[in-house]
Amino acid sequence: MKKVLISLSTTGIIASSLTFPVMAQEEPSYSKEELVYSTIDLSGSLESMYVTNLFERTESSTENLTDYGQYEALHLLNTTHSELSSQNDQASIKTDEARVFTQGKVTDKRLPWTFQFTYLMDGKEVDPQTITGSEGTFTVKVAINPTDTTDEQLMDFVDHYALQVSTSMDLDTHFDLNSPNGMTSTAGNKRQVQWTVLPGQEEDLSFTVRTTDFEELDWSINGAPLSLTIGDDLFDLSEFTDPLKELETGIQTLDEGSQTLYNGSLDLTKGMQDLLDGSNQLTDGTSQLDKNSQKLVDGTDQAFTKSKTLEEGLSSLTQGSRQLAQATGQLEAGGQQLAERSEGFFTGLTDLNKGISSLSEGLEEIETGLSQLDSKSDSLTSGSTTVLEALETMQRKVNEVELSMDNVSQLKEASRSIQTGLTTLRDGVAGMDSSISQYKGKLADGGVNPSELAGLNQNAADNLAGLKQQLKTLQPLVEDGLIEENVLVQLQTAIEQTEKLSSANAQYISGSDQLINGIHSQVKEDGALRSGSTQLVSSYKEFDQAITNLVDGLSSLPEEIAPLQNAISQLTNQYRTLDQGVKDYTAGVHKLSDGINKATTAAEQLDDGSNTLVSGGKALQSGIQDLSNGTSQLTEGASTLNQGLYSAHEGSLAFTDGIDQLHSGTVQLQEGTHALFAGADDLSSGVGTATTGASDLSEGASELADGTTELRDETSGLPDKTKEKIDEAIEEFSNSDYEIQSYMDERNDQIENVQFVIQYRAPKEDDQKEQSINPVEEHKSLWQRFLDLFR
């Protein structure tokens, strides 16, 4: 049974409820009451026991009264008109009186309770009889326990009887009386402390008092059946049940709010997943842009390298053309000198036929001319070889320019890829704006937005705070034992856990709303990221067009160089033939010089030879003239070529600088696109984390919804359940169905009431003096003697 200690503040309730139920299914002709009077020593041990029986007839009858019980001695108290006879454990009373008292001493009976008194003076256990007159802080502890839990008769009294324990002390010598579980009061010059111990209670009683002249204490313990008759009009339960109704309503509101929060978290999770898909597309687009921008960097780097090669080739070509111009100048001078020198030779050939007589002179002049001509042959051959090498160098360099144009076309293709990547990036940012708008639209269609979720969450938090405040009003019920404390603790724990989750929800809802709004502010039409990507596409479009124009302009260079290539090739091929003719001619002149010595001896053959020589000389003269004219044109062409190559070389320097600037720009572009890719990747990771958080929120909201639903189910009808518990607790102490049993013998079935009086009386000096002065007992009436049993 639950232990409950009631102080004397409940005296009114106890006084009105300690009744003596009469069990009278079939009323006998008389009833019986038993008063069990016991004395104990200072330690609480039983010393003696007397039982006084009161018999009352309920109707006129001559039937003898029968009493069962084992007494050491049994006698009548109030009549001389009755007869008592007893044998073993049965007594019979023959009387015609309506009320009869008997009293008997009992030696082999036990009280239902044992009492253990412990006395301490200044914290040390003492014997009160040895400290009379002492000064200090006096403490008493009383332990009350069942005598024998296996004895059903004794335990019947323990489970249904309340005890009143009291003692008193002199007000003049005892101060600061304090009892943690008792009621203190003052009566006359006495200071009293009293306890009421309910059935089944085993809690120790105690008090502490400061004394200046200690005196031994008297103890009085009364036991009677407890019957708490508490009607609905005794106190108003609505002060307890009304807050419970509010609590029940608050829990229902909390459950509805948690369901709404769960539905909103599902929409949030779906929207975050859409946002995650869009951010992943953005990440893929920026990744592709990052890769293509690297290709552009590589292409511009290669273009810069090729442009440097082109510039170096044009520089070499310019130097070669300068050497060519110098060589053609020498060739022109040699050709003019050759033409001038060969005039005399051809005149001699003409005059050869005029006469053999002038042969010697002519031969001498020819020999002289041939010697001079032969001395100039090396210069002619060297100049011709230099011209041929210059023409071949020009031909090779021009062909290298054509090869460099193939690499320039790759620049245009890389720029196109970057343009496509930037366009994809711009569309991805626009797609994110659309995804966020769709996400907010779905929340709006569902009747939920982040601010409303925050409001619902705040309402739930306010409701929880109200519930916590309402739970405090239930604390008196716990203290009175009307509600089990673990039920209140479980409710408090559930509300505190729900408050923590609500706080975490508030932080997440606020953070996710700020994240989404922050992203939206960047990707919306006037956002920095959206406008930046649009501007980037527009700017790069102009840049791509410039690259296209550059490539297209360079592409026409091979067409312009083609005639030059053909002319140089033809000139090289023709000059190669001319060079061979020059070599053949110089070789012939050399042979002619060698053979002129033999000419004198072969004069007779000179006529024929001279004819042939005249004919060949004319052809040679024509060739020399052509050579002189060709070298003049070649000189003019070499000069023009030199000027063109110089201009081309200057253009290649500007082109190289442009390519270098383009390369630097593409490097910066690559770094920007890489940073953009890293940012998009971080954004995707952040959105992924937010999506995971939204999923966790959804799971938490689901658990919260399940928990609030369970809490709602468990607390449904809480006011009625609480009233039932209170009624059960009251019923437990009402003893409405308790049937009083005889203490002396269970065969006494006409018992109306059984009470216990247990006392300890300290010896008084006045009592001892009075006995010594007046040893003769004062004559008292029977009723006075009966009352003395309770003093």
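Description of the structure in this document. (Residues numbered from 1 in each chain as written. Predicted model: local features only at pLDDT ≥ 70, side-chain atom pairs only at ≥ 80, totals over all residues. Heavy atoms only, no water.)

Structural notes on the overall build of the protein chain
Using the following cut-off: A run of H or I in DSSP becomes a helix once it reaches four residues, and a run of E becomes a strand once it reaches two; helices and strands are each numbered from the N terminus. Buried, partly exposed and exposed residues are distinguished by accessible area as a fraction of the type maximum, computed with a 1.4 Å probe on protein chains only: under 20%, between the cut-offs, and over 50%, respectively. Whether two residues are in contact is decided by their heavy atoms: any pair within 4.5 Å suffices. In this description, accessible areas are obtained by the Shrake-Rupley approach with a 1.4 Å probe, and a residue is regarded as covered only by the protein chains that are shown.
Counting its regular elements, the protein chain contains twelve helices and 18 strands. Counting all 791 residues of the protein chain, 41% fall into the buried class. Contacts in the protein chain between residues far apart in sequence, at least 24 positions, make up 83% of those at least 6 positions apart. Approximately 41,200 Å² of the protein chain is accessible, and the part contributed by carbon and sulfur atoms is 47%.

Description of the pattern of salt bridges
Note on pairing: side chains with opposite charge can pair once their charged atoms come close. The cut-off we apply is this: In what follows, salt bridge is the name for a side-chain nitrogen of Lys or Arg lying within 4 Å of a carboxyl oxygen of Asp or Glu.
In total, this model carries twelve salt bridges according to the counting rule given. Its salt-bridge partner being Glu-34, residue Lys-32 comes within 3.0 Å of it at the nearest N-O pair. Accessibility expressed as a relative area gives 2% for Glu-34, which makes it buried. The salt bridge partner of Arg-576 is Glu-392, with a shortest N-O separation of 3.2 Å. Within this pair, whereas Arg-576 is found in helix α8 (residues 528-599), its partner Glu-392 is found in helix α4 (residues 359-445), the two being separated by 184 residues in sequence. Under the relative-accessibility criterion, Arg-576 is labelled partly exposed at 34%.

Here we look at the side chain of His-649
When you line up the elements, His-649 lands in helix α9 (residues 603-715). If we ignore the near neighbours within four places in the chain, the residues touching His-649 are Glu-311, Leu-314, Ser-315 and Thr-318.

Comments concerning the environment of Thr-689
Relative to the helices and strands, Thr-689 is located in helix α9. According to the relative accessible area criterion, Thr-689 is exposed, its value standing at 57%. Taking C-alpha positions, Thr-689 is 9.8 Å from Met-272, a pair spaced 417 residues apart along the chain.

Quick word on the sheet that holds strand β6 (residues 82-87)
Using the following cut-off: Pairing between strands is defined by DSSP: at least two bridges between the two strands are required. Working convention: axes come from line fits to C-alpha atoms, limited for helices to the stretch in contact. Angles between N-to-C directions cover 0 to 180 degrees.
What the three strands build is an open sheet, ordered β4-β7-β6; its pairing is antiparallel. The open sheet is flanked by β4 (65-68) and β6, the only strands paired with a single partner. Taking the axes of each pair of neighbouring strands and ignoring which way they run, one obtains an average angle of 20° across the sheet. Pairing analysis gives six bridges linking β6 to strand β7 (residues 90-95), with the strands arranged antiparallel. Its bridge partner being in β7, Gln-87 is matched across the sheet by Gln-90.

Looking at the sheet that holds strand β13 (residues 174-178)
Strand order in the open sheet made by the five strands is β10-β9-β11-β16-β13, with antiparallel pairing throughout. Strands with a single pairing partner mark the edges of an open sheet, and in this sheet they are β10 (124-125) and β13.

Concerning the side chain of Ser-220
For Ser-220, the location among the structural elements is in strand β17 (residues 218-225). Of the residues examined, Ser-220 reaches a relative accessible area of 15% and is grouped as buried.

Considering empty space enclosed by the protein
To keep things clear, this is the line we draw: Cavities and pockets are found on a 1 Å grid laid over the protein atoms alone: a cavity is a set of points where a 1.4 Å probe fits but cannot escape, a pocket is an open set with protein on both sides within 12 Å along at least five of seven lines, and a lining residue has an atom within 4 Å of such a point. Grid points are joined across faces, edges and corners, and a volume is the space filled by probe spheres set on the points. Think of it as three bins: nonpolar holds Ala, Val, Leu, Ile, Met, Phe, Trp, Tyr, Cys and Pro, charged holds Asp, Glu, Lys and Arg, and polar takes everything else, Gly as well.
Taken as a whole and judged by the stated rule, the model has six cavities of 30 Å³ or more. For the largest cavity, the calculated volume is near 70 Å³. What lines the largest cavity is Leu-254, Gly-257, Ser-258, Leu-261, Leu-456, Asn-457, Ala-460, Thr-498, Ser-502, Asn-505 and Leu-704. Taken together, the elements giving at least two residues each to the lining of the largest cavity come down to α3 (238-352), α5 (450-472) and α7 (485-523). Sorting elements by how many residues they give to the lining of the largest cavity places α3 first, with four residues. For the lining of the largest cavity, a count of residues per class yields five nonpolar, six polar and no charged.

Some remarks on α5
Under the convention used in this document: Expected span of a helix, by definition, is 1.5 Å for each gap between consecutive residues, and there is one gap fewer than residues.
When the terminal C-alpha atoms of α5 are compared, their 33 Å separation across 23 residues agrees well with the 33 Å that a helix rising 1.5 Å per residue should span. When we look at burial in α5, the residues that qualify are Leu-453, Asn-457, Ala-460, Leu-464, Leu-467, Gln-470 and Leu-471.

Remarks on unusual backbone geometry
Glycine aside, residues mostly have negative phi, and peptide bonds are mostly found in the trans state. The backbone of Asn-88 shows a phi angle near 55°, a positive value even though the residue is not glycine. The residue Asn-88 is located in the loop between β6 and β7 in this model. One non-glycine residue, Asp-176, lies in the positive phi region at around 55°. Within the secondary structure layout, Asp-176 lies in strand β13.

So, a negative patch on the surface
In plain terms, the rule: Each patch is assembled from residues with relative accessible area greater than 30% and no salt bridge, linking like charges that lie within 9 Å and nonpolar side chains (Val, Leu, Ile, Met, Phe, Trp, Tyr) that lie within 5 Å. Within this scheme the basic residues Lys and Arg register as positive and the acidic residues Asp and Glu register as negative, but His and the chain ends are omitted. Charged groups are reduced to one reference atom each: NZ for lysine, CZ for arginine, CG for aspartic acid, CD for glutamic acid.
A cluster of acidic residues, Asp-696, Glu-699, Glu-703, Asp-706, Glu-710, Asp-713 and Glu-714, forms a negative patch at the surface. The topology assignment puts Glu-699 in helix α9. Taking relative accessible area as the criterion, Glu-699 reaches 46% and is therefore assigned partly exposed.

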